[in-house]
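Summary of the model geometry
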Amino acid sequence: LVRLFATQPSKTVSVLGKDYEISDTQTNVTPKIISLTSRSLHLNNSHPIGILRKIIESRLNSVDNAYDIYADFKPVVTVEENFDSLGFSEDHPGRSKSDTYYINDKYLLRTHTSAHEKECFSNMKNGITKKQGFLLSADVYRRDEIDRTHYPAFHQMEGARVWQRDQAVATGEVPAHIQQLKEDIVMVEKHLEQQKTKIVVQDDNSLDGNPKQDYMTDLEVELCSRHLKRSVELVVSEVFNKALSTEEASELKVRWIKAYFPWTAPSWEIEVWWKGEWLELCGCGLVREQVYINSGNKPGTNIGWAFGLGLDRIAMLLFGIPDIRLFWSNDERFLQQFKAGQIKTFKPYSKYPGSIRDIAFWVPDNAFSIHENDLMEIVRDLAGDLVESVKLVDKFIHPKTKKTSLCYRINYQSMDRNLTSSEINKIQEEVAKELVEKYDVELR
Ligand code: FA5
Ligand code: MG
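Residues numbered from 1 in each chain as written. Chains lettered and ligands numbered in written order. Predicted model: local features only at pLDDT ≥ 70, side-chain atom pairs only at ≥ 80, totals over all residues. Heavy atoms only, no water.

On to the overall build of the chain. Looking only at helices and strands, one finds 11 helices and 16 strands in the chain. Relative to the compact-globule value of 22 Å for 444 residues, the chain shows a C-alpha radius of gyration of 24 Å, a close match. Pairs at least 24 apart in sequence give 70% of the contacts found in the chain among residues at least 6 apart. Roughly 20,400 Å² of accessible area belongs to the chain as shown, and the carbon and sulfur atoms make up 50% of that amount. Positive and negative side-chain charges in the chain, numbering 57 and 65 respectively, have mean positions lying 3 Å apart. (Helix = DSSP H or I, 4+ residues; strand = E, 2+ residues; numbered from the N terminus. Rg over C-alpha atoms; globule rule 2.2 N^0.38 Å. Contact = heavy atoms within 4.5 Å. Areas by Shrake-Rupley, 256 points an atom, 1.4 Å probe, with all protein chains shown as cover. Lys, Arg positive; Asp, Glu negative; His and termini not counted. Charge placed at Lys NZ, Arg CZ, Asp CG, Glu CD.)

Structural data, given as structure tokens:
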């Protein structure tokens, strides 16, 4: 990787106009990924991601106008913001270089919008924002496989809501924050009832294996969870109502699944039954007291919830977009189809034929052998959006040498034009060359 930046004498990498020192051991962000950071698709009101963002913001704020809107946090954050402030353990897999794009030892490209919770909660605490909650949209980055539903950059919306605990309560009186929570629940439930698309919920409501925090009472947990779940269901109902055609049933099945996140307890994920399968939309939970404390609050003073909603997969089904990479297209035939505030089914333009190339190699038998995401990264960096998918098609161990052979199939295909075989061959040769140089594999 050092080689990639070797032409820059200072050994820095520039992201959104800021230079960062490169770390030989930690830097793994590539020029291709850096180029995505300036796109800000969620800020484009005429782009499916931006349109969806606006729909959700206005639906939630139409209930009680309780959410401050954030949309311009920059994607470079500290390790502290992305992981430490949220209680990720030192050895949490999310921190690993095979999953996360590091700028250097201190900075990375945020892997989720939760990276900004600490700052937003402290803005609330310090009176910089005035509302009881926030909605925060942003691009996030993860090293991942490549296919129609996975891309190394996607978008999330973080939502949160806080209730200030009433400290001085006379015995026998209902604390003000409990009263407030109950009123807030009535409001969101009223809005949910009025939705055209009815939500049919599967939820066992138990906290078995999903314990509450000691600092909250059973009643607080029950009320906060209820407000959280109904708020998320309201979003789901609104969004899918727009995706359902009128002939289809106006009922939507969702289920609440217990989950684990280091900074919430209890935690859940919501899944929706869509075209014959359960689709995961959102992780959420009641925010841990420590996160509020990290944001400058005194222990015990806040209770509340947070959710993190993936925008891209919802936008795909809402707009009928068959491939997640299309969101990043600069092709006018894509961009011109969408107008602010409108949901319209995408009309595919002619798809250009794909072209398959296989690459097979022996994995070196040292301890630092190649991770699948390393190959994905090489392909992504050299081929950009000209690669449709990369799949492992064969793996075996040689009976005598005990060496492992891997064969990957790369499907080259452009959204925008015909590819010539000579340009594909050239990319394929470069992929092979990088593999040999960086990972010492032996081509077969
Ligand atoms: C998170 O990222 C947590 N930050 C969510 C959260 C926030 C939990 C606040 C608790 C409190 P997760 O990795 O599951 O969780 O991602 C959240 C959502 O992002 C998923 O449900 C999914 O809709 C979307 N998502 C995750 N990975 C991808 C991907 N590779 N491509 C597209 N969408 C994705
Ligand atoms: Mg998840």
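This next bit is on the coordination of the magnesium ion (ligand 2). Here the magnesium ion (ligand 2) is held by E269 (OE) and E280 (OE), and the distances to it run 2.4 to 2.5 Å. On the criterion of sequence distance, the pair formed by E269 in strand 10 (residues 264-274) and E280 in strand 11 (residues 277-287) is long-range, its members being 11 residues apart. A residue is classified by how much of its surface remains accessible, and E269, at 19% relative accessible area, is buried. (Donors = N, O, S within 2.8 Å, 3.2 Å for Na, K, Ca; no water. Buried < 20%, exposed > 50% of the residue type's maximum accessible area, 1.4 Å probe, protein only.)

Glancing now at the site of ligand 1. Around ligand 1 lies a shell of 24 residues, among which H112, S114, R142, Q156 and E280 are the nearest. Between ligand 1 and H112 there is a distance of 3.0 Å, counted from a nitrogen atom to a side-chain nitrogen or oxygen. Between ligand 1 and the protein, one listed contact pairs a nitrogen atom with a side-chain N or O atom of D144 at 3.3 Å. Considering ligand 1 on its own, with 670 Å² of exposed area, one finds that the protein chains cover 92% of that surface. (Near = heavy atom within 4 Å. Polar contact = N/O pair within 3.5 Å; in protein donor to acceptor, adjacent residues only side chain to side chain.)

In this section: the pattern of salt bridges. According to the stated counting rule, one finds 26 salt bridges in the structure shown. Linking K11 and D24 is a salt bridge whose minimum nitrogen-to-oxygen distance equals 2.9 Å. Of the two residues, K11 sits in the segment before strand 1 (12-15) while D24 sits in the loop between strand 2 (18-21) and helix 1 (31-36), which places them 13 residues apart along the sequence. As a salt-bridge pair, R161 and D64 come within 2.9 Å of each other at their nearest N and O atoms. Here R161, found in strand 7 (residues 153-164), pairs with D64, found in helix 2 (residues 48-64); they are 97 residues apart in sequence, far enough to count as distant. (Salt bridge = Lys/Arg side-chain N within 4 Å of Asp/Glu carboxyl O.)

With a probe scaled to a water molecule rolled over the atoms, the places where space remains empty come into view. When its volume is computed, the largest pocket comes out at roughly 940 Å³. Taken together, 43 residues make up the lining of the largest pocket; nearest its centre are T111, R142, F154, Q156 and E280. Listed by contribution, the elements that provide at least two residues to the lining of the largest pocket are strand 7, strand 9 (251-261), strand 10, strand 11, strand 12 (302-310) and helix 8 (312-319). Counted by class, the lining of the largest pocket contains 17 nonpolar, 16 polar and 10 charged residues. (1 Å grid on protein atoms, 1.4 Å probe; cavity = no way out; pocket = protein on both sides within 12 Å on 5 of 7 lines; lining within 4 Å. Points joined across faces, edges and corners; volume = space filled by probe spheres on them. Nonpolar A, V, L, I, M, F, W, Y, C, P; charged D, E, K, R; others polar.)

This next bit is on the packing of helix 6 (residues 218-243) against helix 8. At their nearest, the axes of helix 6 and helix 8 sit 8 Å apart, and the two run at 30° to each other. For the element pair helix 6 / helix 8, the angle class is roughly parallel. Seen along the crossing, helix 6 lies across helix 8 with a hand that is left-handed. Here V239, F240, K242 and A243 of helix 6 come into contact with helix 8, specifically with I314, L317 and L318. (Axes fitted to C-alpha atoms, helices over the stretch in contact; angles between N-to-C directions. Parallel < 35°, antiparallel > 145°, perpendicular 65-115°, else oblique. Left-handed = near helix turned anticlockwise from the far one by under 90°.)

Once that is clear, we can look at the pairing of strand 6 (residues 133-141). Of all 9 residues in strand 6, 9 are buried, a share of seventy percent or more. By the alternation rule, side chains of strand 6 split into G133, L135, S137, D139 and Y141 and F134, L136, A138 and V140, which are all buried. Here 9 bridges tie strand 6 to strand 7, and the two strands are oriented antiparallel to one another. Paired with Y141 across the two strands is A153, which belongs to strand 7. (Pairing = 2+ DSSP bridges.)

Right, let's talk about the pairing of strand 14 (residues 387-397) for a bit. Of the strand pairs in this sheet, strand 14 and strand 15 (residues 404-412) are connected by 9 bridges, and their pairing is antiparallel. Looking across to strand 15, one finds that V390 is bridged to I410. Linking strand 14 to strand 15, which pair antiparallel, is a turn of 6 residues; within it K402 sits at a positive phi near 65°.

Moving on, we come to the confidence of the model for the chain. For the chain, per-residue confidence averages 92 on the pLDDT scale, and residues scoring 70 or more make up 95% of the total. Predicted as a complex, the structure gets a pTM of 0.86 and an ipTM equal to 0.98. (pLDDT = per-residue confidence, 0-100.)

Ordered in space as 3-6-7-12-11-10-9-8, the 8 strands form an open sheet in which the pairing is mixed. In the strand order of this sheet, the two ends are held by strand 3 (67-70) and strand 8 (198-202), each with one partner. Neighbour-to-neighbour, the strand axes of this sheet turn through a mean angle of 25°, independent of strand direction. As paired elements, strand 9 and strand 10 share 7 bridges and run antiparallel to each other. Residue pairing for strand 10: K258 is matched across the bridge by W268. The strands touched by helix 4 (residues 117-125) are strand 3, strand 6, strand 7, strand 11 and strand 12; relative to strand 6, the strand with the most contacts, the crossing angle is about 160°. Lying on the sheet, helix 5 (residues 176-193) is in contact with strand 7, strand 8 and strand 12; it crosses strand 7 at an angle near 135°.

In this section: the packing of helix 10 (residues 372-383) against helix 11 (residues 421-439). For any two helices packed against each other, the geometry comes down to the angle between their axes and how far apart the axes lie. Two numbers describe how helix 10 lies on helix 11: the axes approach to 10 Å, and their chain directions differ by 140°. One way to sum up the angle between helix 10 and helix 11 is to call them oblique. The two elements helix 10 and helix 11 cross, and the hand of that crossing is right-handed. Residue-level contacts link D374, L375, I378, V379, L382 and A383 of helix 10 to I427, E430, V431, E434, L435, K438 and Y439 of helix 11. When grouped by side-chain class, the residues that make up the contact of helix 10 with helix 11 number 9 nonpolar, no polar and 4 charged.

By size, the foremost hydrophobic cluster in this structure holds 106 residues, and its most contacted members are L281, F307 and F327. The dominant element in this core, judged by the number of residues it contributes, is helix 6, at 11 residues. Apart from residues lying up to four places away in sequence, F307 is in contact with L60, L135, M157, E158, G159, L228, V232, C282, G283 and C284. (Core = buried A, V, L, I, M, F, W, Y, C linked by side-chain atoms within 4.5 Å.)

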